[in-house]
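# Breakdown of the fold
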Amino acid sequence: ASTVVATADGGDSLVGDSSPRDGVCDGGSHEPPTTADFIRRLVGDDEDSVAALCAEALQEGCSEPARHQLAKALAAEEPADQALNIGTDEAAQVVAHFCRHHGADTRTSRTMIDVLLLLQPPPSPADLWLCLAALIRRFAPVALLSGAGHALVALCRLFESLLLFHDPEIALLLKRAGVGAEMFCVPWLCTAHATGMADLLTVLHVWDRWLDGGEPLDPVFLGLARLNLCRDELLLCGPVPELAQLLQASLGTKQHATERVVDVALRRAAHLKAVTPLSFLKRLQDALLRPAP
């Protein structure tokens, strides 16, 4: 079984068998956070915070509390169009309503909603909408940009430079194999790691860890840390045509989605961010929040 060990630079790594086996990859308690606590820490419990999040979806001049207005609007929402391929349940109506007002992608938004549905007790439609809005604005802001495609390309190039700075061996391996950052970076940036992780409950665990003091750069460095934890497998494989598939398979294994391994990745991400030059952090932040037209 794989083991977490300390590395020379003060971080952690995985050694041992990288293939998941029944009974080996126990992720820990896997207890989801409570809905009330998650919403309080993410959205806030004052009326101004709620109103600011859903301002685009509220009627102008209406004196009714924002959450009540939002709940009424969602209750009146028509069933989601089946062509959107996001389901026909109540959560699909939340996604359709949110994306219509914000221009976000329906399928990636549905993935994030599916994570939020694991909160206990299950959130109301209005709370789902507010959590989705707050999460995307805070940890996946590129998903709300009208020209997201250009911003994502720029961010992927920056990620490749970041990888070259922190792990030149892996950066050059991926380049020799023709594996661009778009293949693995875009889902991280657009869904805050909800896409590509085998256990959605672990994704919720990551978000919960980010709520207190997290920032938009965190998904970038978690992605870098997750890639770093796969480095031995990648180096063993070498620059073969199948490297892209191996990388996707490694990142998507159940082993890499346990809370134990993700906690290692979160600690490694914090270390990587701490040793990244401030000038580069600013370039990343500008690309995320103030992309070039």
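Scroll up a little and you will see the structure.
Throughout what follows, the structure given in this document is the object of discussion. Because the structure is predicted, anything quoted here is derived from the model rather than measured.

### Overview of the overall build of the chain
Scanning the chain from N- to C-terminus turns up 15 helices and two strands. When each of the 293 residues of the chain is scored for burial, the buried share is 50%. In the chain, the proportion of contacts linking residues at least 24 apart, taken out of those at least 6 apart, comes to 68%. Taken as a whole, the chain presents about 13500 Å² of accessible surface, with 55% of it coming from carbon and sulfur.

### A short note on helix H1 (residues 35–42)
Thr35, Phe38, Ile39, Arg41 and Leu42 are the residues of H1 that are buried. Looking straight down H1, one finds that the buried residues subtend no more than 170° of arc, so they occupy a single side. Check the buried side of H1 and you find it contacts helix H5 (106–116), helix H6 (125–139) and helix H10 (200–210). Gly44, located one to two residues past H1, shows a positive phi value of around 95°.

### Some details on helix H13 (residues 243–251)
By the burial criterion, the buried members of H13 are Leu243, Ala244, Leu247, Ser250 and Leu251. Taken around the axis of H13, the buried residues stretch over an arc of 130°, which confines them to a single face. The inward-facing, buried residues of H13 contact helix H8 (168–176), helix H9 (182–191), helix H11 (218–229) and helix H12 (231–237).

Definitions and cut-offs
- Residues numbered from 1 in each chain as written.
- Predicted model: local features only at pLDDT ≥ 70, side-chain atom pairs only at ≥ 80, totals over all residues.
- Heavy atoms only, no water.
- Helix = DSSP H or I, 4+ residues; strand = E, 2+ residues; numbered from the N terminus.
- Buried < 20%, exposed > 50% of the residue type's maximum accessible area, 1.4 Å probe, protein only.
- Contact = heavy atoms within 4.5 Å.
- Areas by Shrake-Rupley, 256 points an atom, 1.4 Å probe, with all protein chains shown as cover.
- Arc of directions from axis to C-beta.

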